[in-house]
Amino acid sequence: MNRFRARNQSEATLRSSQDKVWDVLTDPVLLTKLTPYLKRIDVDGKRWTWNLTHIPVMSATVAPVFTEVMTFDEPTRITFEHDPERPDERTGVEGEYLLRPEGEGTHVAIDLEIWCDLPLPKISRVPVETVMHGVVAAMGRRFASNMLRHLGE
């Protein structure tokens, strides 16, 4: 088993208010509707278990399920930390969303690193992480597009 990683960093200024953006980013049912490959999020207090559909990564197909400890500092910051009580999970996310007022809208910055333990050799790191980065980037673009449509932007 080897660990592979992909990072997503992006920023945008939305026309929507900080409260409206916050409401979208903290609603697990709505996130499921807006995020490609996401089947559901099971919520148990601060622990959110993210259940994704099958995603092809080189010669493997993964259906990630991972538990994140979510910290919500309303209305400015959401942090993701892989649940330390779930060392059995082969996928996790670490990172944060930052929100701040920008004029009448909201500036949103995201910095997330997704990791996945796969039964692939270390020599496959570059192609696997390239594929992972592409999937994560595509998911981010579609999520952003869906969120903007939901917000009426």
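On a predicted model such as this, the values are computed, not experimentally measured, just so you know.

Asker: I tried to follow the packing of helix H1 (residues 18-25) against helix H3 (residues 125-151) on my own but got confused; where do I start?
Answerer: For any two helices packed against each other, one specifies the crossing angle of their axes together with the interaxial distance. In contact at an axis separation of 11 Å, H1 and H3 are set at 125° when each is read in the N-to-C sense. With respect to each other, H1 and H3 are oriented oblique. Note that H1 runs across H3; the crossing there is right-handed. Contact with H1, carried on its side by Lys20, Val21, Val24 and Leu25, involves Phe143, Met147, His150 and Leu151 of H3 and no other residues of that element. Across the contact of H1 with H3, the residue classes tally to 6 nonpolar, 1 polar and 1 charged.

Asker: How should I be thinking about the environment of Phe4 in this particular structure?
Answerer: Relative to the elements of secondary structure, Phe4 occurs in strand S1 (residues 2-14). Taking the C-alpha atoms as reference, Phe4 lies 6.6 Å from Arg125; in sequence the two are 121 residues apart. In contact with Phe4, not counting residues within four places along its chain, are Ile114, Trp115, Cys116, Leu118, Leu120, Pro121, Ser124, Arg125, Val128, Glu129 and Met132.

Asker: I'm lost on the sheet that holds strand S7 (residues 77-82) in this one. Help?
Answerer: The pairing of strands in a sheet happens through backbone hydrogen bonds and is either parallel or antiparallel. Pairing is antiparallel in the open sheet, where 7 strands are placed in the order S1-S9-S8-S7-S6-S3-S2. The open sheet has two edge strands with one neighbour each: S1 and strand S2 (38-44). Neighbour-to-neighbour, the strand axes of the sheet open up by a mean angle of 20°, direction not taken into account. Where S1 and strand S9 (residues 105-118) come together, 13 bridges link them in antiparallel fashion. Bridging across to S9, Phe4 finds its partner in Cys116. Across the face of the sheet, H1 comes into contact with S1, strand S6 (65-73), S7, strand S8 (91-102) and S9 while running at roughly 165° to S8. H3 contacts S1, strand S3 (47-52), S8 and S9 of the sheet and is inclined by roughly 30° relative to S1.

About the thresholds
Residues numbered from 1 in each chain as written. Predicted model: local features only at pLDDT ≥ 70, side-chain atom pairs only at ≥ 80, totals over all residues. Heavy atoms only, no water. Axes fitted to C-alpha atoms, helices over the stretch in contact; angles between N-to-C directions. Helix = DSSP H or I, 4+ residues; strand = E, 2+ residues; numbered from the N terminus. Parallel < 35°, antiparallel > 145°, perpendicular 65-115°, else oblique. Left-handed = near helix turned anticlockwise from the far one by under 90°. Contact = heavy atoms within 4.5 Å. Nonpolar A, V, L, I, M, F, W, Y, C, P; charged D, E, K, R; others polar. Pairing = 2+ DSSP bridges.

Read these as spatial facts, not as claims about activity.
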